[in-house]
Every structure is written in C-alpha cells, then in structure tokens.
Amino acid sequence: MIDPSKKDRMHPRNRFRAGYDFAQLIKGTPALADFVMPNAYGHESINYSDPEAVKTLNRALLRDAYGLSKWDVPAGYLCPPIPGRSDYVHYVADVLSGGRADAIPRGPSTRVLDIGMGANCIYPLIGAREYGWRFVGTEIDRDAVAWAQKMVAANPSVNGLIECRFQSARRECFSGVVKDGEVFDLAICNPPFHGSAAEAAEGSARKRRNLTRGRSKASAPSLNFGGQSGELWCPGGELGFVMRMIHQSVAYGDRIGWFTTLVSKGVHLPRLHEVLNEVNPTEVRTVDMAQGQKQSRLLAWTFARSTPIRASTKPARS
C-alpha cells in the first residue's frame, strides 16, 4: 500500500493517490494473491524487491484503473512504478491546460511524442487511456519496439492511438523519428539516469540493498526491476541527455508545442536552466513532483509564444 501520509504528495488526479485496494485488484488479477502479505505496519502489501511481484501488481493496476488486460515486460527490461508514471502524465496535462482543469485537452486530436518509450510503453498506455491522446513512442532498441507494438495491438482500447517507431540514431531525440510535416502538442521524456554501465550497476545494487534491508540473504532477490543500457544509462547521464534534448529542440520549436522531461537530480536544474537561457525559449516551467520518498522534477519549455521569459536559476532542491 502507498503510505497514507505520502498520498497528498501525488497529483490530485492520480488514481492511486489513496493507496491500493488489494481485494479489488485480486478480483481482476487473481495471480496477485500469491504476492500479497502484511507489511511491517500490518497493512496489505507486496515485496517490492521481488520483480515478479512488482510486475504482477503492475498488471493488476493497469487492468483495474485503465482496462488494459495485456501488459508485460521482457526479462531484463525496466519494470516501472505505475503511480509515478501516472503522475508525469497528469502534470504534463496541466502544462497543456495552463493549470486549468476545465481546459485539459482530451481526445486523439492531442498528439504526444514519447522519447524513449521503453518496452513497457507505459506513458503512451496511460496517456491514451487517461486522456485519449494519440502517441508516437520512439525507442533505440528494436526488440523493445517490437514488444511495445505487440502489447499495443493486444489492447483494443489503445490500438490505433499508439504508434511505435525505431530510432536508429542513438544521440538524436527528434531527427529521424519526427516525419516531415508532423506536428505534436507535447514531447515527453524519462531520460537515462546514469552516465555509465558501472554507475548503473552500482545504482541497481544500492536499490537492491535498500529494498532488502532487514531481510535474510536467503530471501533477497537476485534481480531488481531490470533495465537495459538505453533505459538506465547513456554517455553524459541524465544531465548530458537533457542538454542534448534542449539543444535539439530548437529545430523543432515550430512543430512541437511543449517539450518536457523528468529531471531526477535536482542539482542538475541550474545547469539546465543555463542551457535553456542559451536557446531562448519563450516560457520555461519547473514543477516539483514527489511520490513517497522519491523526489523528481518536471522541466518544460516552449518556443511558441511571442515574449521570451528567462528560465529561473534558483537553487535546486536535491
């Protein structure tokens, strides 16, 4: 269960803000019953260090909240937390609406580009079901593209709203996947967090240690939530990736309304604001996001308005 004391830190429209009704989830996904047990506080929960338990919970959440009956990830690929991914979708909806709930765009006329959708295809799946938006998801891993395409085809409610495209140029965000004459209202991105395979391995080991703290070695999992190289790391890490995205966005400023990305490390924000000032967007927004103890930020910029607004370089929170 999501800690009730943390639920008010999630987006108000997040369907998982009040925690999980495991009895309801098990009705739709009986296999989840094998993984539900009391936690240290006496609440029903799962062992979040068990990849199969997390994957089964994800299936149950997507089925119950969004009617998506077919979801999975191949062995070794990233298995994302659904509530946190939902938060991003809701916050970018606020960006599009200017913060007005009655102005949130809904339906397939709103087109979204997901840079690095992953095999899990989670943002397009949630966005298509939550708001009816039409997505193009891009990915540098051919196997991930094929897997995502298969998943989309298996869910009739989103088939026709999501297109999956292979990005052959690993350092390009837009070139090669945005077609001539194509226009998007929004671009989203959850960039690789680490700067090298060694850094990613240490991060995975640290997550495993945190998840298994207080448990016996015999019960500790041999795997965590997975993740391929393009999902977990790239040269320059998160900072380098987002800086490239900002520079490359200039050439697409008249074809993409808002560019957005998650920024996991708050210490990167001052440098990213400096780079944004260099490319002179007309508006920049930074939104703090949180789920439990995890802190993140949504960075958004646009070239669409007439009067330039300089990006803030206020000290970032870590």
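Our subject is the structure that appears above.
Residues numbered from 1 in each chain as written. Predicted model: local features only at pLDDT ≥ 70, side-chain atom pairs only at ≥ 80, totals over all residues. Heavy atoms only, no water.

(A) Representation of the overall build of the chain in the model. Within the chain, the regular secondary structure consists of nine helices and nine strands. For the chain, the proportion of its 318 residues judged to be buried stands at 51%. If you take every contact in the chain between residues at least 6 apart in sequence, the share linking residues at least 24 apart comes to 70%. In the form shown here, the chain has an accessible surface area of approximately 14400 Å², with 52% of it arising from carbon and sulfur atoms. (Helix = DSSP H or I, 4+ residues; strand = E, 2+ residues; numbered from the N terminus. Buried < 20%, exposed > 50% of the residue type's maximum accessible area, 1.4 Å probe, protein only. Contact = heavy atoms within 4.5 Å. Areas by Shrake-Rupley, 256 points an atom, 1.4 Å probe, with all protein chains shown as cover.)

(B) Region of interest: the pattern of salt bridges. Counted under the stated rule, the structure contains twelve salt bridges. When the shortest N-O distance is used, the salt bridge between Glu182 and Arg111 registers 3.3 Å. You can see Glu182 sitting in the loop between β5 (162-166) and β6 (184-189) and its partner Arg111 sitting in strand β3 (residues 111-115), a full 71 residues away along the chain. A relative accessible area of 10% places Glu182 in the buried class. The residue Glu274 makes a salt bridge to Arg271 at a minimum N-O spacing of 3.1 Å. Of this pair, Glu274 and Arg271 both sit in helix α9 (residues 269-279), three residues apart, roughly one helical turn. Taking the relative accessible area as the measure of exposure, Glu274 reaches 40% and is therefore partly exposed. By relative accessible area, which is 32% here, Arg271 ends up partly exposed. Among the charged side chains, a salt-bridge network with shared partners connects Arg111, Glu163, Arg165, Lys179 and Glu182. (Salt bridge = Lys/Arg side-chain N within 4 Å of Asp/Glu carboxyl O.)

(C) Structural view of the environment of Pro124. Looking at the element boundaries, Pro124 is found in helix α4 (residues 122-131). In sequence terms Pro124 and Leu113 are eleven residues apart; their C-alpha atoms lie 8.9 Å from each other. Sequence-distant contacts of Pro124, defined by excluding residues within four places in its chain, comprise Asp114, Phe135 and Ile162.

(D) Region of the structure containing the nonpolar core. Formed by 54 residues in total, the largest nonpolar core has its most connected members in Ile46, Trp133 and Ile162. Ranked by the residues each element gives to this core, the list is headed by helix α2 (residues 51-66), at eight residues. Residues Val178, Met243, Phe259 and Phe303 belong to the second largest nonpolar core, which totals 28 residues. (Core = buried A, V, L, I, M, F, W, Y, C linked by side-chain atoms within 4.5 Å.)

(E) Examining unusual backbone geometry more closely. Even without being a glycine, Cys121 presents a positive backbone phi close to 55°. Its location among the elements puts Cys121 in the loop between β3 and α4. Its identity is not glycine, yet Asn280 carries a phi of approximately 60°, on the positive side. Structurally, the position occupied by Asn280 is in the loop between α9 and β8 (283-291).

(F) Main features of the packing of aromatic side chains. Tallying each qualifying case throughout the model produces ten aromatic pairs. Look at Tyr131 and Trp133: their rings are 4.8 Å apart centre to centre, the planes differ by 20°, and that puts the pair in the stacked class. By the ring-pair criterion, three or more aromatic residues cluster together here, those being Phe174, Tyr252, Phe259, Trp301 and Phe303. Taking the ring centre of Phe184 as reference, the NZ or CZ of Arg111 above it sits at 4.6 Å. When the ring centre of Phe166 is taken as origin, the NZ or CZ atom of Arg142, which lies over that ring, is 3.8 Å away. (Phe/Tyr/Trp six-rings, centres within 6.5 Å; stacked < 30°, edge-to-face > 60°. Lys NZ or Arg CZ within 6 Å of the ring centre and 35° of its normal.)

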